[in-house]
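Close look at the chain arrangement
Here are the chains, one letter per residue:
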Amino acid sequence: MTDDHQGTPDEANHGISRRRFLAGLGGLALLPLLTQAVSACGGESATAPFSRVRPGDPGWPTREAWEALRGQLSGDLIEVRSPLQECVGVSDARCAELFRELKNPYFI
């Protein structure tokens, strides 16, 4: 019994070889490099890199802007404070215990 299909038995049974599939996946890994190259050449389709604004940065909203947003949300804006803020410049036993506990991944 002869088979007219040219290729490996894997291709005959499934339509694509494992080698071609893995090569395609390898090509997908290079896609981010391609988009960076297009943007470096002046391509318009590339997106700008993500940038996070933090307190103290020029793009961070002022206290008045936060209060205006709080008013728009009917007071439902909650200010998040770092639990480490109270330990800035302080070296007491409570802060030492907090820093010791932060090394435990199950603490938080």
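As a reminder, the structure under discussion sits directly above these lines.
Topic: a nonpolar patch on the surface
Taken together, the side chains of I16, F21, L22, L25, L28, L31 and L34 present a nonpolar region at the surface, about 680 Å² in accessible area. When residues of the nonpolar patch are traced back to their parent elements, those giving at least two are helix 2 (18-29) and helix 3 (31-40). For the nonpolar patch, the element with the highest residue contribution is helix 2, accounting for 4 residues. Within the fold, L31 resides in helix 3. Overall, the relative accessible area of 46% leaves L31 in the partly exposed class.

Let's talk about the side chain of S17
Its place among the elements puts S17 in the loop between helix 1 (9-14) and helix 2. Looking at S17, its side chain comes within polar contact range of the main-chain nitrogen of R20, at 3.1 Å.

Some remarks on the state of the cysteines
Following the criterion strictly, the structure yields 1 disulfide and no others. Here C87 pairs with C95 through a disulfide, and the sulfurs are 2.1 Å apart. Taking the torsion about the S-S bond as the criterion, the C87 to C95 disulfide, at about -95°, is left-handed. Residue C87 shares its accessibility class with C95, and that shared class is buried.

Some remarks on the layout of surface pockets
Put simply, the largest pocket is a space of about 350 Å³. Residue composition of the lining of the largest pocket, grouped by class: 7 nonpolar, 1 polar and 4 charged.

Regarding helix 5 (residues 93-101)
Of the positions making up helix 5, those classed as buried are C95, L98 and E101. The arc enclosing the buried residues of helix 5, seen along the axis, measures out at 125°, which places them on a common side.

Rules used throughout
- Residues numbered from 1 in each chain as written.
- Predicted model: local features only at pLDDT ≥ 70, side-chain atom pairs only at ≥ 80, totals over all residues.
- Heavy atoms only, no water.
- Patch = residues over 30% accessible without salt bridge, like charges linked within 9 Å, V, L, I, M, F, W, Y side chains within 5 Å.
- Areas by Shrake-Rupley, 256 points an atom, 1.4 Å probe, with all protein chains shown as cover.
- Salt bridge = Lys/Arg side-chain N within 4 Å of Asp/Glu carboxyl O.
- Helix = DSSP H or I, 4+ residues; strand = E, 2+ residues; numbered from the N terminus.
- Buried < 20%, exposed > 50% of the residue type's maximum accessible area, 1.4 Å probe, protein only.
- Polar contact = N/O pair within 3.5 Å; in protein donor to acceptor, adjacent residues only side chain to side chain.
- Disulfide = S-S within 2.5 Å.
- 1 Å grid on protein atoms, 1.4 Å probe; cavity = no way out; pocket = protein on both sides within 12 Å on 5 of 7 lines; lining within 4 Å.
- Points joined across faces, edges and corners; volume = space filled by probe spheres on them.
- Nonpolar A, V, L, I, M, F, W, Y, C, P; charged D, E, K, R; others polar.
- Arc of directions from axis to C-beta.

Everything listed is a geometric property; what it means functionally is a separate question.
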